[in-house]
Amino acid sequence: MQTELNSAYAQVEYLREVGEELPRYHSWIANMIHKAVPVKEGKRFMDFGCGAAVLSIIFRERFGILPIAVELDAALRHQCKEAGFEVHRSLADVSIKLDVIFSSNVLEHIEDDVQMLCELRNHLVPGGRLILFLPAMPILWSNMDVTVGHYRRYTRAELRRRVTAAGFEVINCNYKDSAGFFATLAFKMLSGAMEKPSIRSLKIYDRWILPASKIGDLVFGRLFGKNVFLVATAKPN
């Protein structure tokens, strides 16, 4: 992970701003992840690429689950430790097998994502659950993707193919944030050379656009969305 993660990923201050200005967005992601975990599942969770630990904090405070974390950036790793989490620099530093690995907006920063998916599978017990939330739809590619260090945006079909090639069985894979798709498309068309949304636009998105997406996703989840959400189980090696 250290050598293959796009160097532009280290947008620490922007990640902190996003964490503060998108509370409904992160709560929505955390709820989706939690609902994708069977009740009988064990308690060994990992937040892969935890960033500022926003999701891990929600899991601890809302669900009583304390994930371990992996985070490459030293400043964010320190922040996670200060928040009370066990955090590692890479998967290689994690010695236990896990029941659930969840990851939000991380895999797109890794050049060889299939190899990373294989490594994630190797850290799961057989039948363990992988849950991914990622940027979707190549048509939405913009200057913002370049700025934050993305290698790609995923389609449902392509993500399923890559996850299956890494030794997982896909349970479901659907697009999310249908209203956000149009907001992101408008940003791409109208923003010119702007590299990322303003704080004001993030607040508008969190308050008004996201609620519309929750309704729209029920109808359009197989067709389009700003993101894609995948749940899979690890096959035995």
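What counts as what
Residues numbered from 1 in each chain as written. Predicted model: local features only at pLDDT ≥ 70, side-chain atom pairs only at ≥ 80, totals over all residues. Heavy atoms only, no water. Buried < 20%, exposed > 50% of the residue type's maximum accessible area, 1.4 Å probe, protein only. Helix = DSSP H or I, 4+ residues; strand = E, 2+ residues; numbered from the N terminus. Pairing = 2+ DSSP bridges. Right-handed = clockwise from strand over helix to strand, strands pointing away. Contact = heavy atoms within 4.5 Å. Axes fitted to C-alpha atoms, helices over the stretch in contact; angles between N-to-C directions. Core = buried A, V, L, I, M, F, W, Y, C linked by side-chain atoms within 4.5 Å. Patch = residues over 30% accessible without salt bridge, like charges linked within 9 Å, V, L, I, M, F, W, Y side chains within 5 Å. Areas by Shrake-Rupley, 256 points an atom, 1.4 Å probe, with all protein chains shown as cover. Salt bridge = Lys/Arg side-chain N within 4 Å of Asp/Glu carboxyl O. Arc of directions from axis to C-beta. Phe/Tyr/Trp six-rings, centres within 6.5 Å; stacked < 30°, edge-to-face > 60°.

> What exactly am I supposed to notice about the pairing of strand 4 (residues 98-104) here?
Regular strands have side chains that alternate between both faces of the sheet. Of all seven residues in strand 4, seven are buried; the element is thus mostly enclosed. Pairing geometry for strand 4 and strand 5 (residues 124-135), over six bridges, is parallel. Each residue of the ladder has a partner; that of V100, found in strand 5, is R129. For the crossover that starts at strand 4, traverses helix 5 (residues 113-122) and ends in the parallel strand 5, the hand is right-handed.

> Before we go on, may I ask you to explain the sheet that holds strand 4 in this structure?
Pairing between the strands of a sheet comes from backbone hydrogen bonds, and it takes one of two forms, parallel or antiparallel. Ordered in space as 3-2-1-4-5-7-6, the seven strands form an open sheet in which the pairing is mixed. Every other strand in the sheet has two partners, leaving strand 3 (87-88) and strand 6 (168-176) as the edge strands with one partner each. With seven bridges joining them, strand 5 and strand 7 (residues 227-234) adopt antiparallel strand pairing. Bridge assignment links I131 to a residue of strand 7, and that residue is V231. Its contacts with the sheet place helix 2 (residues 23-35) against strand 4, strand 5, strand 6 and strand 7, and it is angled at close to 155° to strand 5. Sheet contacts for helix 7 (residues 156-165): strand 5, strand 6 and strand 7; angle to strand 6, the most-contacted strand, approximately 160°.

> What am I meant to see in the nonpolar core here?
Nonpolar side chains tend to gather and get buried jointly when the protein is soluble and globular. By size, the foremost hydrophobic cluster in this structure holds 36 residues, and its most contacted members are M46, F48, L132, L159 and V163. Breaking this core down by element, the ones donating at least two residues are strand 1 (45-48), strand 2 (68-70), strand 4, helix 5, strand 5, helix 7, strand 6 and strand 7. Non-local contacts of L132, meaning those with residues more than four positions away in its chain, are made with S103, L107, L117, L159, V163, V228, F229 and L230. With 23 residues, the next largest nonpolar core counts Y25, W28, I58 and V231 among its residues.

> Mind showing me how you'd approach a nonpolar patch on the surface here?
A contiguous nonpolar patch, built from L218, V219, F220 and L223 and spanning about 450 Å² of accessible area, is present on the exposed surface. Assignment of secondary structure puts L223 in the loop between helix 9 (199-220) and strand 7.

> Explanation requested: helix 3 (residues 54-63) in the structure shown.
Along an α-helix, residues three or four apart share an orientation, since each turn contains 3.6 residues. Taken residue by residue, helix 3 has L55, S56, I58 and F59 as its buried positions. Take helix 3 and look down its axis: the buried residues cluster within an arc of 160°, on one side only. Turning to helix 3, the residues buried within the fold contact helix 2, strand 1 and strand 4. G64 sits one or two positions beyond helix 3 and adopts a positive phi of about 70°.

> Would you mind going over the packing of aromatic side chains with me for this structure?
This structure, assessed with the given rule, holds eleven aromatic pairs. Ring geometry for F182 and F224: centres 5.4 Å apart, planes at 75°, overall edge-to-face. Taken together, the positions of F182 in helix 8 (residues 178-190) and F224 in the loop between helix 9 and strand 7 put the pair 42 residues apart, joining distant regions of the chain. With a relative accessible area of 15%, F224 lands in the buried category. Taken together, the ring pairs in this structure connect Y25, W28, F133 and Y205 into an aromatic cluster.

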